[in-house]
Amino acid sequence: ANLVAVIPAAGVGSRMQADCPKQYLSIEGQPVLWHSVSRLLAHPRVSQAVVAVSANDPYVGDIQWPVDKPVHVVTGGKERADSVLAGIRYAISVCRADWVLVHDAARPCLRAADLEQLIATSMSTNIGGILAVPVRDTMKRSDNGAISATVDRTALWHAQTPQMFPAAELESALASALTAGATITDEASALEWAGKQPLLVEGHADNIKITHPEDLALARFYLQQELV
Ligand code: C5P
């Protein structure tokens, strides 16, 4: 089966308060996006990558990708799901993808062993799955800043990426969900919307999504430690 990585990288990263979008900030001499893409391509089952960037992105052309596998660049969209859909469509029509592995550009610390676990688990089912970690903290429901309830955390997980699904099925679920106006913040939610139950594959909390300024230092630390 042809497995293609799709990396949404068309966000502006407004919460980072940086000079350039967070996927282009540098860690160990390479942009965050380079690390994220390289970790996906390092897996022998991943044949190529499709990166979705914003229109007139001035940064992506300067990246020196790992040379052994193709990296395609396409134009993303207004919301993350629009960028993912553009990438998946390219992966299907040009790369002939059977499966897609969708991974946030802003998650450079993905562990090879977690990626392997997700790929093995997803391929052994027809549904696909996502990396996720169980919630650690006690969870509260807020009612205008005051606690209205303590939520049972035993069934709660943090959804991460990568998220891996049969390409055509994810394409159709995403397109239908977007057309219907559903709120889609990850790939699994599109499949859930279509009535599927994607698998949860337990990963690690160091697979952070760089979101706030303090996250960059943490990602640097993880990458330098080779813990990941
Ligand atoms: O903003 P957020 O952290 O949720 O973004 C997650 C990922 O989706 C990032 O890699 C970002 O670049 C990407 N994204 C995108 N197109 C958008 C918005 C976000 O590709 N319109």
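In this report, the structure presented in the accompanying data block is examined. Just so you know, these numbers come straight off a predicted model, no measurement behind them.

Description of the site of the ligand
Alright, step 1. Close to the ligand lie 17 residues, the nearest being P8, A10, G11, S83 and A105.
Alright, step 2. The set of elements that each furnish at least two residues to the shell around the ligand consists of strand 1 (3-9) and helix 2 (80-93).
Alright, step 3. A breakdown of the residues in the shell around the ligand according to their chemical character gives 6 nonpolar, 6 polar and 5 charged.

Details of the environment of G11
Alright, step 1. By the secondary structure assignment, G11 is in the loop between strand 1 and strand 2 (26-27).
Alright, step 2. Exposure remark for G11: the 21 C-beta atoms within 10 Å place this residue in the buried category.
Alright, step 3. Sequence separation between G11 and P58 is 47 residues, and the spatial gap between their C-alpha atoms is 13 Å.
Alright, step 4. When near neighbours in sequence (up to four residues on either side) are disregarded, G11 contacts P21 and R80.

Focus: the nonpolar core
Alright, step 1. Core analysis: the biggest nonpolar cluster contains 59 residues, and V6, A91 and V100 have the highest contact counts within it.
Alright, step 2. Of the residues forming this core, the biggest block, 7 residues, is contributed by helix 2.
Alright, step 3. Here V100 is in contact with V4, V6, I88, A91, F165, A167 and L170, once residues within four sequence places are set aside.

Conventions and cut-offs
- Residues numbered from 1 in each chain as written.
- Predicted model: local features only at pLDDT ≥ 70, side-chain atom pairs only at ≥ 80, totals over all residues.
- Near = placed C-beta within 6 Å.
- Helix = DSSP H or I, 4+ residues; strand = E, 2+ residues; numbered from the N terminus.
- Nonpolar A, V, L, I, M, F, W, Y, C, P; charged D, E, K, R; others polar.
- Buried ≥ 20, exposed ≤ 12 C-beta atoms within 10 Å, placed from the backbone.
- Contact = placed C-beta atoms within 7 Å.
- Core = buried A, V, L, I, M, F, W, Y, C linked by C-beta atoms within 7 Å.

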